[in-house]
Amino acid sequence: MKRLNQAFSAIIILFLLVGVEFPAGNAAASGVEQSILRPSFASVNNPSLGGQTVPTASLLTADESGVDFVLETPWKDLLLEPVEVEGKNYTRISLPDWTSLSHEGKPALPFHVEQIGVPFGAEVTVEVTPGPAHRIALDVPVLPVASRVIDEEQPLVTAEGSPMPVIKDVLIEDADVYGGWGIYPGSLAEVSGDFILRQQRIVGISSYPVQYDVSAGELVVYENLKVHVNFTGGTTARVSFPSESEAYEELMQGELLNYGQALSFRSAERVTPPATDDTVRADAQLNGDMEDWTPPDPGWRVKVRADGMYKLTYEEMAAAGLPVTTLESATLQLFHFGQEVAIKVDLGTDGMWGAGDFIVFYGQAIQSKYTTDSVYWLTYGKAAGLRMALVNGTPVNGTVPAAFQYHLHLEDSKFYLPNIEDMGEREHFVWARLFPNENPITWTYPFTLPSPTSSPAVLRIAFYGGSDPAADPDHHLQVSLNGGLTDTPEANIIFNGNNWYIAKIPVPAGLLRASPEENVLSVTDLLDLGVTRDIVFIDWIELDYPNNFISQADKLQFSFPTVGTWRFPVSGFSSDQVQVYDLTTPSSPAIITGSTISGSDPYTAEFEATTSSSAAYW
């Protein structure tokens, strides 16, 4: 549910997470950007920008024990550009045609990724021999990666007839890097991805020949890096290997540095990656239902990285190369994992497809360790497209529920664990690390909740023991939420060795705080079981709690599992123009009509629905 006259504000909130990939470039869902970083590039050391700048990796050796390659750095083409942001001076560091690190708040330095095929079951480790190094003194710090946020102080701007928030870049220096005395990123190369494509296991090797010595205020640039990737264990090479189509093999040959040797690492059959609780839907679709589906031709890829309602405008489609002036809008179709998705085609007041019109669809993120992009395919001219149905939601005599159950899942992938237990069932990336040495250490994470009630809740945290000292047990953790829980038995966690532990902690009534107040979760490794050092990783956090029917930023998405006839009054809207969607079947949303509006800034929208099973609404 959301304001109609804000034209799907969720699209803008998710602006950085959505894009449309077209044959001649990219287009994104509508939004208004305001950036503080728009200077033209100029080279301090080499204004001519001459020479070869594309990353060059040369394969030295490749066999069943590992891969050796050399990455040549075009260090003479390194660009040092002075920039001033909000009154502070920085140096922008870049290499033409190289990718830059994108961790918000940390130095934006050039780096390179090579993909290699590896044996199934092998442990992959990386060793680096650096070449000659050059130190470059900097007068000011390296420019950090900007965080992109909505400018709350700016009024909405009208774009294509719809009010849109202003997006701005904000620089927030990472205190651990800029306030420290080390070198960033520190390692010269590491395993940065591990995934399966059909019969082939592939890992990414990220190399960092440009380092930032924070304490010295210098760049350390290596002319080359000799990288040794070692395979320990796993399957041995075979004489024969499964072959694919010519086009597929050409693609793999261009992507894998050790393509020839990697052929012998393939499985005899196509491999379905191991499913976890948060990858079941995505992996089943990627490796099962999609197997025999061919994308449409012509077709345009629409990339989604978060659940939400999305809008693609007539103008964006025109800029992307769709023949908008001649295509029949009734034939516009959208596909996701081979299944057509119902869309809304808004033809405006004149009922004719033209400037200012747009399509709307519900996009779903892909919960998978193998990719972050959930790809939708847009096409036209094939058949009549699937459209959102209209459902009457006029309030009559339904029961008004007190709240709905909200499920919050928090997770990040910052640490790679190649030897993680149960590797057939769990991914290798975890979120945070507790590494006390002699003294206890605390990890703290602040977060906000839309509008929790004062009722009890349930908190779950997934821990993994990263060390296994002689003591048994050896891990003792204490969880605190908003200063509470420490006396709760379930919040004092004791377990042993390299094992998983899923803590389930009851949260008493009244402990949770509603936005804009922050909730603060803390986990302390007490180091009190007879050990002087300990390592514990945090993989994910989940919180299940009752939430009020109050919109946040003019939108609210919720599920309701109880069967019956219900009236849902949702308050907190800043306008009386509210649209309601039924998302019970995500691939075929319905437009709910007949909702009533009451109040005045904030407004309350009310609709009614009869449910025979769990239902979802926006």
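Residues numbered from 1 in each chain as written. Predicted model: local features only at pLDDT ≥ 70, side-chain atom pairs only at ≥ 80, totals over all residues. Heavy atoms only, no water.

> Mind showing me how you'd approach the overall build of the protein here?
A count of helical and extended segments in the protein gives 6 helices and 48 strands. Relative to its 618 residues, the protein shows a buried fraction of 50%. A fraction of 76% describes how many contacts in the protein between residues 6 or more apart in sequence connect residues 24 or more apart. Of the roughly 27,900 Å² that the protein leaves accessible, carbon and sulfur atoms contribute 50%. (Helix = DSSP H or I, 4+ residues; strand = E, 2+ residues; numbered from the N terminus. Buried < 20%, exposed > 50% of the residue type's maximum accessible area, 1.4 Å probe, protein only. Contact = heavy atoms within 4.5 Å. Areas by Shrake-Rupley, 256 points an atom, 1.4 Å probe, with all protein chains shown as cover.)

> For this particular structure, what's the right way to read the packing of aromatic side chains?
Two aromatic rings are characterised by how far apart their centres lie and by the angle between their planes. All chains considered together, the criterion is met by 26 aromatic pairs. Both rings, one in F404 and one in F558, keep their centres 5.2 Å apart while their planes meet at 40°; by these two values the pair is tilted. Taken as a pair, F404 in strand β31 (residues 404-411) and F558 in strand β42 (residues 558-560) lie far apart in primary sequence, 154 residues in all. Here F404 and F558 have matching classes, each one buried. Measuring from ring centre to ring centre gives 6.3 Å for Y445 and F447, while their planes differ by 20°; the resulting arrangement is stacked. Given a relative accessible area of 10%, F447 falls into the buried group. Pairwise contacts between aromatic rings join F404, Y406, Y545, F549, F558, F560, W566, F568, F607 and Y617 into one cluster. A cation sits over an aromatic face here: K311 above F358, 4.9 Å from the ring centre. (Phe/Tyr/Trp six-rings, centres within 6.5 Å; stacked < 30°, edge-to-face > 60°. Lys NZ or Arg CZ within 6 Å of the ring centre and 35° of its normal.)

> Honestly, helix α3 (residues 246-255) in this entry has me stumped. Any pointers?
Helical geometry: 3.6 residues make up each α-helical turn, so side chains three or four residues apart lie on a common side. Looking at α3, one finds that the buried residues are Y248, E249 and M252. For α3, the arc enclosing every buried residue in end-on projection is 95°, short of the 170-degree limit, so these residues lie on one face. Exposed side of α3, more than 90 degrees from the buried face: E246, A247, E250, Q253 and G254 are the residues found there. Close packing links the buried residues of α3 with β18 (189-197), β19 (200-207) and α4 (259-262). (Arc of directions from axis to C-beta.)

> Explain unusual backbone geometry here, please?
Each neighbour pair has its own omega, and for D297 with P298 the value is 5°, a cis peptide bond. Among the secondary structure elements, P298 is positioned in the loop between α5 (280-289) and β23 (300-304). Of note, the bond from S515 into P516 is cis; its omega dihedral lies within 30 degrees of zero at 15°. Tracing the chain through its elements places P516 in the loop between β39 (500-507) and β40 (519-525). Even without being a glycine, L527 presents a positive backbone phi close to 50°. Checked against the element boundaries, L527 lands in the loop between β40 and β41 (536-547). Its relative accessible area of 12% is what places L527 among the buried residues.

> In this structure, what is going on with the pattern of salt bridges? I would like to understand it.
Once the charged atoms of two side chains with opposite charge are near each other, the side chains can pair. Counted according to the given criterion, the structure contains 9 salt bridges. Residues participating in the shared-partner salt-bridge network are R135, D213 and E218. (Salt bridge = Lys/Arg side-chain N within 4 Å of Asp/Glu carboxyl O.)

> In this structure, what is going on with the environment of G180? I would like to understand it.
Locating G180 in the fold gives a position in the loop between α2 (175-178) and β17 (183-184). Along the chain, G180 and V214 lie 34 residues apart, while their C-alpha atoms are 7.0 Å from each other. Beyond its immediate chain neighbours, meaning those up to four positions away, G180 contacts A175 and V214.

> Teacher, can you tell me more about the nonpolar core here?
One broad trend across soluble globular proteins is that nonpolar side chains are buried collectively. F69, L109, I116, L219, V229 and F231 are the most contacted members of the largest nonpolar core, which totals 49 residues. L434, A491, L521 and I538 belong to the second-largest nonpolar core, a separate cluster that totals 31 residues. (Core = buried A, V, L, I, M, F, W, Y, C linked by side-chain atoms within 4.5 Å.)

> Quick question: what am I supposed to make of the sheet that holds strand β35 (residues 441-447) here?
To summarise the sheet geometry, strands pair through backbone hydrogen bonds and adopt either a parallel or an antiparallel arrangement. Strand order in the open sheet formed by 4 strands is β35-β40-β37-β38, with antiparallel pairing between adjacent strands. The outermost strands of the open sheet, each flanked by one partner alone, are β35 and β38 (492-495). Each strand of the sheet is rotated relative to its neighbour by a mean of 20°, with strand direction disregarded. Where β35 and β40 come together, 7 bridges link them in antiparallel fashion. Bridge pairing in β40 links F447 to N519. (Pairing = 2+ DSSP bridges. Axes fitted to C-alpha atoms, helices over the stretch in contact; angles between N-to-C directions.)

Any link to function would need more than the numbers given here.
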